[in-house]
Amino acid sequence: MMKIAFPIMGTSYIAFQKIMEKLGHEAIVPPKPSKRTLSLGVTYSPEFACLPFKILLGSYLEAIERGADTIVSYGGVGPCRAGYYGVMHEKIIRDLGYDVKFIIFEPPHREFKKCMAAGKELVNAKENSWGKIFEALTTGWVHLRALDEIERLSHEIRPYEINKGDTTKAFKQCLELMKQADTKKQIAEAKRESVKILKNVEVDPTRNPLKIGLIGEIYVVIEPFANFDIQVTLGEMGVLTRRNIYITDWTKDNTFFKGEEHIKRAARPYLNQMIGGHGIISVGQTVLYAKEGYDGVVQLAPFSCIPEIVAKGILPKVSKDLDIPV
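Every chain's residues receive numbers from 1 upward, in the order its sequence appears when written. This being a predicted model, a pLDDT of at least 70 is required before a residue's local features are given, and a value of 80 or more before pairs of side-chain atoms are given or counted; all residues contribute to the totals for chains, interfaces and linings. Values shown for side chains rest on all heavy atoms present in the structure; no hydrogens or waters enter the calculation.

Trainee: Just to check I follow, could you spell out the overall build of the protein chain for this structure?
Mentor: Each helix and strand in the protein chain was counted, giving 14 helices and 7 strands. Atoms counted for the radius of gyration: C-alpha only. Globule rule: 2.2 Å times the number of residues to the power 0.38. Here the C-alpha radius of gyration of the protein chain, 20 Å, is about what a compact globule of 326 residues would show, namely 20 Å. A principal-axis box enclosing the C-alpha atoms of the protein chain has dimensions of 55 × 45 × 35 Å. Remark: exposure states derive from per-residue accessible area (1.4 Å probe, protein chains only) relative to the maximum for the residue type, with buried under 20%, exposed over 50%, and partly exposed in between. Among the 326 residues that make up the protein chain, the fraction classed as buried is 51%. Excluding contacts between residues fewer than 6 apart, the proportion of contacts in the protein chain whose partners are at least 24 apart in sequence is 72%. Working definition: helices are DSSP H or I runs of at least four residues, strands are E runs of at least two. Numbering for both runs from the N terminus. In this analysis, two residues are considered to be in contact whenever any of their non-hydrogen atoms come within 4.5 Å of each other.

Trainee: It is not clear to me how the pattern of salt bridges should be interpreted in this structure. Could you clarify?
Mentor: Oppositely charged side chains may form a pair once their charged atoms are brought near each other. By convention in these notes, a salt bridge is any Lys or Arg side-chain nitrogen within 4 Å of a carboxyl oxygen on Asp or Glu. According to the stated counting rule, one finds 18 salt bridges in the structure shown. For Arg243, the salt bridge identified is with Glu151, shortest N-O distance 3.0 Å. Linking Arg243 in strand E6 (residues 239-243) with Glu151 in helix H6 (residues 130-157), this pair joins segments that are 92 residues apart in sequence. As a salt-bridge pair, Arg152 and Asp249 come within 2.8 Å of each other at their nearest N and O atoms. With Arg152 in helix H6 and Asp249 in helix H11 (residues 247-253), this residue pair connects regions lying 97 residues apart in the sequence. One continuous salt-bridge network, built from bridges that share partners, spans Arg36, Glu62 and Glu65.

Trainee: It is not clear to me how the packing of H6 against helix H8 (residues 184-199) should be interpreted in this structure. Could you clarify?
Mentor: In a pair of packed helices, the angle between the axes and the distance between the axes together describe the arrangement. Put simply, H6 and H8 touch, their axes get as near as 10 Å, and they point 5° apart. Comparing the axis directions of H6 and H8 gives the class roughly parallel. Residues Glu135, Thr138, Thr139, Val142, His143, Ala146, Glu149, Ile150, Leu153, Ser154 and Ile157 of H6 touch H8, and the partners they reach there are Lys184, Ile187, Lys191, Ser194, Val195, Leu198 and Lys199. When the residues that make up the contact of H6 with H8 are grouped by side-chain class, the tally is 8 nonpolar, 5 polar and 5 charged. Axis angles are defined between N-to-C directions and span 0 to 180 degrees, where every axis is a line fitted to C-alpha atoms and, for a helix, only to the segment in contact. Comment on the angle field: the value is read as roughly parallel under 35 degrees, roughly antiparallel over 145, roughly perpendicular from 65 to 115, and oblique elsewhere. Classes in brief: Ala, Val, Leu, Ile, Met, Phe, Trp, Tyr, Cys and Pro nonpolar; Asp, Glu, Lys and Arg charged; the others, Gly included, polar.

Trainee: Help me understand the sheet that holds strand E7 (residues 296-300) in this model?
Mentor: In a beta sheet, neighbouring strands pair by backbone hydrogen bonds and run either parallel or antiparallel. A strand pair is defined by DSSP finding two or more bridges across the two strands. Spatially, the 3 strands line up as an open sheet ordered E6-E5-E7, and their pairing is parallel. The open sheet has two free edges, formed respectively by E6 and E7, since each of these has just one partner strand. Looking at each pair of strands side by side, their axes are set apart by 30° on average, direction ignored. Pairing of strand E5 (residues 210-216) with E6 involves 5 bridges; the strand directions are parallel. Looking across to E6, one finds that Gly213 is bridged to Arg242. Sheet strands touched by helix H14 (residues 306-322): E5 and E7. Its angle to E7, the strand with the most contacts, is close to 155°.

Trainee: Help me understand helix H13 (residues 279-291), please; the structure alone is not making it clear to me.
Mentor: Note: α-helices contain 3.6 residues per turn, so residues at a spacing of three or four share the same orientation. To estimate how far a helix should reach, multiply one less than its number of residues by 1.5 Å. The terminal C-alpha atoms of H13 lie 19 Å apart, and with 13 residues this matches the ideal 18 Å at 1.5 Å per residue to within 8%. A large share of H13 lies buried, amounting to 12 of its 13 residues. For H13, the complete set of buried residues consists of Gly279, Ile280, Ile281, Ser282, Val283, Gly284, Gln285, Thr286, Val287, Leu288, Tyr289 and Ala290. In this structure, the buried side of H13 is in contact with E5, E6, helix H12 (261-267), E7 and H14. A positive backbone phi angle near 85° is found at Gly293, which sits one or two residues after H13.

Trainee: Is there a simple way to think about a nonpolar patch on the surface in this case?
Mentor: Exposure above 30% relative accessible area and the lack of any salt bridge qualify a residue for a patch; like charges then connect within 9 Å, and the nonpolar side chains Val, Leu, Ile, Met, Phe, Trp and Tyr within 5 Å. Note on areas: these come from Shrake-Rupley sampling with a 1.4 Å probe, and a residue is covered only by the protein chains present in the view. Together, Tyr44, Leu96 and Tyr98 make up a nonpolar patch on the protein surface, roughly 260 Å² of accessible area in all. If you trace the backbone, Tyr98 turns up in the loop between helix H4 (85-95) and strand E4 (101-105). According to the relative accessible area criterion, Tyr98 is partly exposed, its value standing at 36%.

Trainee: Just checking my understanding: could you explain the environment of Ile280 for this structure?
Mentor: Positionally, Ile280 belongs in helix H13. What makes Ile280 buried here is its relative accessible area of 13%. Separated by 15 residues in sequence, Ile280 and Asp295 have C-alpha atoms that sit 21 Å apart. With sequence-adjacent residues up to four places away left out, Ile280 is seen in contact with Lys264, Ala267, Leu271, Gln273 and Ile275.

Trainee: Whenever I open this one, the packing of helix H7 (residues 166-180) against H8 confuses me. Can you help?
Mentor: Between H7 and H8, the least distance of the axes is 9 Å, while the angle of their chain directions is 170°. The orientation of H7 relative to H8 falls into the category roughly antiparallel. The segment H7 lies against H8, with Thr167, Ala170, Phe171, Gln173, Cys174, Leu177, Met178 and Gln180 engaging Gln186, Ile187, Ala190, Lys191, Glu193, Ser194, Ile197 and Leu198. In the contact of H7 with H8, the residues fall into 9 nonpolar, 5 polar and 2 charged.

Trainee: Help me understand the side chain of His278, please; the structure alone is not making it clear to me.
Mentor: Within the secondary structure, His278 sits in the loop between H12 and H13. In this structure His278 comes out as buried when scored by relative accessible area, which is 8%. What His278 contacts, discounting residues up to four positions off in sequence, is Gly216, Glu217, Ile218, Ile245, Trp250, Pro307 and Glu308.

If you want it as structure tokens, here you go:
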């Protein structure tokens, strides 16, 4: 049995923990990212590495302190350095004297054989039946979808809440329910109850809030520690925020489906080639937000992120052409 840790990224750790346990492993959930996490990452990372690299490294080191002997990570392709994260993290951690195994999932539409090899190592088919593996993975997917849908709903309700903080309290209740759910039936029940809890928050439906789109690099868009919990902060100021990046959407768009094609088409007048990461998505999504009548866009770009630096250089032209503040 492996003692497996994985990145903390929003609420997804709840589902990932269940998947690992269903596959017969011990899930070592790192602490939620904190100043200590970042401090550890900064201490042992190359200075030029981007913020997500440093937070993830610190998170892995904290998981090792809790007994993790295996880290599950992800790779990438293109100019973005994220494709080297797993390799570099493994090298740094080994240089620090830790004998920790890394299982790195490469994008299946680009590196199918490598992705399948990592999957085979994780699911341990010798000890688990294919039926058990299928059930663990499909239940995990249902869990991830439910978590994303509940979070999305919370951001839709928060700008209308009468008592500041009520939505956040309700959302925390929902997460506790989701943590207790194990089977697909229990997940469905927890989701129904969570929707009910959120919809019971007292709201003022007559409000007409500012509507802001969030764009940027996936980790800083999804992980509240990395973006100072910007969606909650703006929501409690009465601003409606929406983002196009959620774990399940990103997974579908970057495995065997092409759900981002309409965003890339929207970007083409300004950027018509792959620059890695979410650079082209940041440009295209800004175009779409402008066409959908949003009041503005906030770009969440980690320091030294090459794709977002390129997008940042293009966005003033988009802003001027389409009359949308960025």
